[in-house]
There are 2 protein chains.
Amino acid sequence: MSFQLGENTLKVTPKLFAENRTRLIDELRKKVSHSGVVVLEGGKERFRYNTDFDDLPFRQESYFFWAFGVHESDCYGIIDIDSGKSILLPPRLHPDFAIWSGKIEPESWFLEKYETDEVHFNDKDTIRDILHRLNAQQILLLRAENTDSGSILEPAEFEGKDEFNIDITTLYPILAELRVIKTDLELEVLRYAVQIACDAHRTVMRNIQPGYYEYQMESLFRHTSYFHGGCRYFGYTCIGASGCNAAILHYGNQNSPNSKKLYDGDICCFDMGPEYNCYTSDITCSFPCNGKFSEKQKIIYNLVYEANQTVFKAAKPGVRWTEMHILAERIILKGLKDAGILTGDVEEMLEKRVGAVFMPHGLGHFVGLEIHDVGGYLGDALPRSSLPGLKYLRTTRTLKERMVVAIEPGCYFNDTLLDKALADPELSKYFNNEALKEYRGIGGVRVEDNVVIWENGNENMSADLPRTIEEIEAFMGKKDDNNNF
Amino acid sequence: MSFQLGENTLKVTPKLFAENRTRLIDELRKKVSHSGVVVLEGGKERFRYNTDFDDLPFRQESYFFWAFGVHESDCYGIIDIDSGKSILLPPRLHPDFAIWSGKIEPESWFLEKYETDEVHFNDKDTIRDILHRLNAQQILLLRAENTDSGSILEPAEFEGKDEFNIDITTLYPILAELRVIKTDLELEVLRYAVQIACDAHRTVMRNIQPGYYEYQMESLFRHTSYFHGGCRYFGYTCIGASGCNAAILHYGNQNSPNSKKLYDGDICCFDMGPEYNCYTSDITCSFPCNGKFSEKQKIIYNLVYEANQTVFKAAKPGVRWTEMHILAERIILKGLKDAGILTGDVEEMLEKRVGAVFMPHGLGHFVGLEIHDVGGYLGDALPRSSLPGLKYLRTTRTLKERMVVAIEPGCYFNDTLLDKALADPELSKYFNNEALKEYRGIGGVRVEDNVVIWENGNENMSADLPRTIEEIEAFMGKKDDNNNF
Ligand SMILES: [Mn+2]
Ligand SMILES: [Mn+2]
């Protein structure tokens, strides 16, 4: 067993990663002529600045994790394409490790835990020697660019690297594409992480009330996820936005640390996702902190929820994600028109990108070992748009079975965006400023599910949440008897 | 006000950092002839590997924080020694920041919050222009080596740096030494962080019982610290060791992630410390998870607690920390001899470093903006010893008023260390192997307080904890009525 934390949490089998490696080998055999060998470098332990400690311990790099499932730091992994064999190379630990950090396990322990074909502690020439033994004609290294941030994951470094023929371009698109399509074993872990997210969101909804601070609800969410679900890490910083803060998409960071008090009448837009065995969830629940929607909150909530549901039904294999974004925008624009906030032709507003004033972010993204999972601009992706809203789409691909996507339409009243739109005659003509004023300061609503794309109907992994206004109000009406947290 | 999280948490005044800057200027005026200017670079936002997110948001670099108290990332700070003026340079944010991350505050907002003399957004030539305006003859940059890990904090980089006369050696020892001696305003924050640590440890002790997992108690500790104390960050990874794991000093890391179940009879050695406004606590409580010490646990606990109390009383200004380490070892060795585990002359065993078999770590360290705070080998420090135990001392200095130290004697039954000692005839002759066998697997005990050194008697900031065996058993006997966490 490669991972479990507590007897009531999910057991993860090392077969998950063995299967991933097999898939990688199968793909590489189609592209690489002969005697090609993959060398991957795992994450290195890092600390705060120049200190020797940090708040949370090491978290594995996701590409390495996908291939080996290894939680320990400073490892390497080798995959021989010809023989199909995999070799794990944990660091040879200093004997003092046993005093400070835990038992020094033998190679056999790693072999049993992670089920690679071989395990060797990594001494100065271990990798070089193995590569010569395998008669490696070509070494495939991973150089991975993040298509959202542009950040680069640099290729593995090792002793004797210059003795080999190095290829840093073949591996990335193949490995990233394999990460896009989830196996049954991966889906099992993702379903578990999403279930824990749903449990924690429900706990917050049952216990929240005006007077608490946003950060206290973050704390309750994290505690529920870890105490009951074994989720020590989170896929991203918890967003515990309330009231006007709900219009700030990545609220909760160091400039806005979930520090506001919850006031009667505030909407909450809580976007929080625990990670289990490095697979993350990414779920947003929007609800009034007092348990009863105002009439205006109902209007905004319903148009967002309708967008979420419509996309869920329309997002099928073969459908382009960009179209889904436009579909969500259309529903939101129509809803805002019905509410009297916008006026004019919806298709014309779509064309003019009025939708991006209210939903500035992309409709969603892949989810997996990262919240914004890789591969969004591989395959049949269209080039990144430069238009408002569309430029933030993290993928423009057509959907396929076993893709896991976050569907997260939202509608926000962000002063910066609204003021900019009102100052632009091309856009301001669509706005009913008097009606808009009534909604300013209301914040925003996002309804985010994690969904597996299937040919015969999608699977909403987060279906186990109260989502309609009636469900939410009924659910929040039943307070936990025992809310001594 | 530079920081508060929730109305029941501590208000931190920007005067704390203004006073720190004044102290720095006063010291620098003694060393730097004229027209010297300090330039400090704050921490930069960083993410997991090549992604664009992380579990927790940015945490400021501690030297920069000491001088400016600024929580936001990517800032610079300038201090003009001649005029005594300080200038804060926050980054000029992209307008889209308002959509994604929060309101873009004007320079006046930073001025009011942090009370520097000037605030300017940092454009390409801002720093260069300011330095020319100040007619800077010498630029003092911080190059700080961590004396435990050897890691380097690199000097600030900025446009036009090569136009100036740069000094990277003067600032470090002065700034680090100032961090060693805490002001009243700093002590107020440290007392608060320690108080929250004590509250959270007590909550764990009141609710723990066999059957829970170690990580569940970590979760309860973190939740109590954040929910009730506003502590979002922790000074280090929570150590939730139980049973034999209590002999692993930095248990709780990725190789040993607090994953053991608590069994009846297990000792707990819980070393956990929340951070408030970047000032951390570092507190260890040792207690039996079932609330009743076994006879053997009592023996080990009492000798460690006696070492803790004796050091607390003996640690006065002018006393060398190394002597305190030896004092603690002497008490532990005597206790182990009384217990029949060791045999022979205590002073001889001290000389032979038998103490380091049972307490392999140093007695303690400075505490402040880092758990292992800076300056341990400045001042009148003796060179780092190469002897067992003593080589891990994080300081060898004599004590001064306003130093804050963690006093953390411990006694552990670590198989690796015991086997090594028994295999060495020079050491094995002191061991009663039959008696020792009875204690193998018992784990270990550490009693760690955070203490301010004062001329007229030290201040134990963590005095508010049950510490004697009687106190602990009485306290743990009263279970919380309402332990629905
Ligand atoms: Mn999302
Ligand atoms: Mn300590």
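Cut-offs used in this document
- Residues numbered from 1 in each chain as written.
- Chains lettered and ligands numbered in written order.
- Predicted model: local features only at pLDDT ≥ 70, side-chain atom pairs only at ≥ 80, totals over all residues.
- Heavy atoms only, no water.
- Helix = DSSP H or I, 4+ residues; strand = E, 2+ residues; numbered from the N terminus.
- Buried < 20%, exposed > 50% of the residue type's maximum accessible area, 1.4 Å probe, protein only.
- Contact = heavy atoms within 4.5 Å.
- Areas by Shrake-Rupley, 256 points an atom, 1.4 Å probe, with all protein chains shown as cover.
- Lys, Arg positive; Asp, Glu negative; His and termini not counted.
- Charge placed at Lys NZ, Arg CZ, Asp CG, Glu CD.
- Buried area = accessible area lost by both parts, 1.4 Å probe.
- Salt bridge = Lys/Arg side-chain N within 4 Å of Asp/Glu carboxyl O.
- Polar contact = N/O pair within 3.5 Å; in protein donor to acceptor, adjacent residues only side chain to side chain.
- Nonpolar A, V, L, I, M, F, W, Y, C, P; charged D, E, K, R; others polar.
- Donors = N, O, S within 2.8 Å, 3.2 Å for Na, K, Ca; no water.
- Domains from an automatic or database assignment.
- Pairing = 2+ DSSP bridges.
- Least-squares fit on C-alpha atoms with pLDDT ≥ 70 in both.
- UniProt positions renumbered as here; feature names shortened; annotations may be inferred.
- pLDDT = per-residue confidence, 0-100.
- Axes fitted to C-alpha atoms, helices over the stretch in contact; angles between N-to-C directions.
- Phe/Tyr/Trp six-rings, centres within 6.5 Å; stacked < 30°, edge-to-face > 60°.
- Lys NZ or Arg CZ within 6 Å of the ring centre and 35° of its normal.

A. Seen up close, the overall build of chain A. Of regular secondary structure, chain A possesses 16 helices and 20 strands. With respect to the three principal axes, the spread of C-alpha positions in chain A is 75 × 50 × 45 Å. The proportion of buried residues among the 485 residues of chain A is 65%. Considering only contacts in chain A between residues 6 or more positions apart, those separated by 24 or more positions represent 73%. Carbon and sulfur atoms provide 50% of the accessible area of chain A, an area that totals close to 17,300 Å². Of the charged side chains in chain A, 54 are positive and 74 negative; the average position of the first set lies 3 Å away from that of the second.

B. Quick look at the interface of chain A and chain B. Listed per partner, the contact involves 91 residues of chain A and 91 residues of chain B. Between chain A and chain B, roughly 7,900 Å² of surface is buried when both sides are summed, and carbon and sulfur atoms account for 49% of that area. Broken down residue by residue, the surface that chain A buries against chain B is led by Tyr 49, Trp 100 and Gln 254 of chain A, which jointly contribute 11%. Here chain A and chain B share 14 salt bridges between them. Of the charged contacts in the structure, one is a salt bridge between Arg 48 of chain B and Glu 370 of chain A, with a shortest N-O distance of 3.8 Å. Across the chain A-chain B interface, the total number found is 59 residue pairs in polar contact (both at pLDDT 80 or more). Put simply, the parts of the chain that give the side of chain A that touches chain B at least two residues each are α3 (97-100), β6 (144-145), β7 (152-153), α8 (214-229), β9 (233-234) and α13 (415-422) of chain A. A class-by-class count of the residues in the side of chain A that touches chain B yields 35 nonpolar, 34 polar and 22 charged.

C. Here's a closer look at the coordination of the manganese ion (ligand 1). Residue and element names in this part refer to chain A. For the manganese ion (ligand 1), every protein donor is listed as Asp 282 (OD), His 365 (NE2), Glu 408 (OE) and Glu 448 (OE), and the spread of their distances is 2.0 to 2.5 Å. Sequence positions of the residues that donate to the manganese ion (ligand 1) give the spacing D-x82-H-x42-E-x39-E. Taken together, the residues Asp 282 in the loop between β13 (279-280) and β14 (283-288) and His 365 in strand β15 (residues 364-366) connect sequence positions 83 residues apart. For the pair formed by Asp 282 and His 365, the shared burial category is buried.

D. The domain arrangement of chain A, seen in detail. Residues and elements named next belong to chain A. Structurally, chain A comprises domain 1 (15-180) and domain 2 (184-476). Counting from both sides, the interface comprises 23 residues of domain 1 and, opposite them, 25 residues of domain 2. Overall, the association of domain 1 and domain 2 removes approximately 2,100 Å² of surface from exposure, summing both partners, and the carbon and sulfur fraction of that is 53%. The interface formed by domain 1 and domain 2 includes eight salt bridges. Note that Lys 400 and Glu 177 form a salt bridge whose closest N and O atoms lie 3.7 Å from each other. At the surface where domain 1 touches domain 2, the tally comes to 13 residue pairs in polar contact (both at pLDDT 80 or more). Those elements giving two or more residues to the side of domain 1 that touches domain 2 turn out to be α1 (15-31), α2 (62-68) and α6 (171-180). Its residues assigned to classes, the side of domain 1 that touches domain 2 comprises 12 nonpolar, four polar and seven charged.

E. Fine view of the environment of Tyr 226 of chain A. By secondary structure assignment, the location of Tyr 226 of chain A is in helix α8. Residue Tyr 226 of chain A is classed as buried on the basis of its relative accessible area, which comes to 4%. Through-space distance from the C-alpha of Tyr 226 of chain A to that of Asp 82 of chain A is 42 Å; in sequence the pair is 144 residues apart. If sequence neighbours within four positions are ignored, Tyr 226 of chain A has contacts with Leu 5, Cys 231 and Arg 232 of chain A together with Tyr 215, Glu 218 and Ser 219 of chain B.

F. Region of the structure containing the sheet that holds strand β19 (residues 449-452) of chain A. One open sheet holds the four strands; their spatial order is β15-β16-β19-β20 (chain A), and the pairing between them is antiparallel. Since the sheet does not close on itself, it has two edges, and those belong to β15 and β20 (459-460) of chain A, each with one partner.

G. Seen up close, the side chain of Glu 118 of chain B. Residue and element names in this part refer to chain B. Here Glu 118 is to be found in strand β4 (residues 118-119). For Glu 118, a relative accessible area of 19% translates into the label buried. Not counting residues up to four positions away in its chain, the partners in contact with Glu 118 are Ser 86, Ile 87, Leu 88, Leu 111 and Arg 133.

H. Just the environment of Thr 13 of chain A, in detail. All names here are of chain A. Tracing the backbone shows Thr 13 in the segment before α1. Overall, Thr 13 belongs to the partly exposed group, its relative accessible area being 27%. Taking the C-alpha atoms as reference points, Thr 13 and Phe 3, 10 residues apart in sequence, are found 7.2 Å from one another. At 2.9 Å, the side chain of Thr 13 and the backbone nitrogen of Lys 15 are in polar contact.

I. Looking closely at the relation of the copies chain A and chain B. Once chain A has been moved 0.0 Å along the axis and rotated by 180°, it coincides with chain B to within an RMSD of 0.0 Å. The transformation just described matches what one would write down for a two-fold rotation axis. A symmetric contact is evident, with 100% of the interface residues of chain A recurring at the interface of chain B.

J. Focus on the coordination of the manganese ion (ligand 2). Residues and elements named next belong to chain B. The protein atoms that coordinate the manganese ion (ligand 2) are Asp 282 (OD), His 365 (NE2), Glu 408 (OE) and Glu 448 (OE), at distances of 2.0 to 2.5 Å. All donors to the manganese ion (ligand 2) come from one chain, and their sequence spacing reads D-x82-H-x42-E-x39-E. In this pair, Asp 282 sits in the loop between β13 (279-280) and β14 (283-288) while Glu 448 sits in the loop between β18 (444-446) and β19 (449-452), placing the two residues 166 residues apart along the sequence. Comparing Asp 282 with Glu 448, the two get one shared label, buried.

K. Up close: the UniProt feature "domain: Aminopeptidase P N-terminal" (unreviewed entry) in chain A. UniProt's entry tags residues 12-150 of chain A with the feature "domain: Aminopeptidase P N-terminal" (unreviewed entry), counted in the numbering of this structure. Here residues 12-150 of chain A is 32% helix and 16% strand, with 32 Å between the C-alpha atoms at its ends.

L. The arrangement of the confidence of the model for chain A in detail. Averaged over every residue, the pLDDT of chain A is 96; residues scoring 70 or more account for 99%. For this predicted complex, the interface confidence score (ipTM) comes to 0.97, while the overall pTM stands at 0.97.

M. Focus on the sheet that holds β14 of chain B. Residues and elements named next belong to chain B. The strand order across the open sheet formed by three strands is β10-β11-β14, and the pairing between neighbours is antiparallel. The two strands at the open ends of the sheet, each matched to only one other strand, are β10 (239-242) and β14. The sheet shows a mean angle of 10° between the axes of neighbouring strands, direction not considered. Bridge analysis of strand β11 (residues 267-272) against β14 gives six bridges, and the strand direction is antiparallel. Bridging across to β14, Cys 268 finds its partner in Phe 287.

N. Structural detail: the pairing of strand β3 (residues 86-89) of chain A. All names here are of chain A. Alternating residues of β3 divide into Ser 86 and Leu 88 and Ile 87 and Leu 89, and every residue in both groups is buried. Pairing analysis gives four bridges linking strand β2 (residues 76-80) to β3, with the strands arranged antiparallel. Each bridged residue has a counterpart across the sheet, and for Tyr 76 the counterpart in β3 is Leu 89. Linking two consecutive strands that pair antiparallel, namely β2 and β3, is a turn of five residues; a positive phi of about 80° is found at Gly 84 within it. Where β3 and strand β4 (residues 118-119) come together, two bridges link them in parallel fashion. Looking across to β4, one finds that Ile 87 is bridged to Glu 118.

O. Local environment of the packing of aromatic side chains. Counted under the stated rule, the structure contains 34 aromatic pairs over all chains. Ring plane angle 20° and centroid distance 5.8 Å describe the contact between Phe 358 of chain B and Phe 431 of chain B, whose orientation is recorded as stacked. With a gap of 73 residues between them, Phe 358 of chain B in helix α12 (residues 355-358) and Phe 431 of chain B in the loop between α14 (425-428) and α15 (433-439) connect regions that are remote in the sequence. In this structure an aromatic cluster arises from ring pairing among Phe 358, Phe 413, Phe 431 and Tyr 439 of chain A. In this structure, Lys 296 of chain A is placed above the aromatic ring of Tyr 439 of chain A, and the distance from its NZ or CZ to the ring centre is 5.9 Å.

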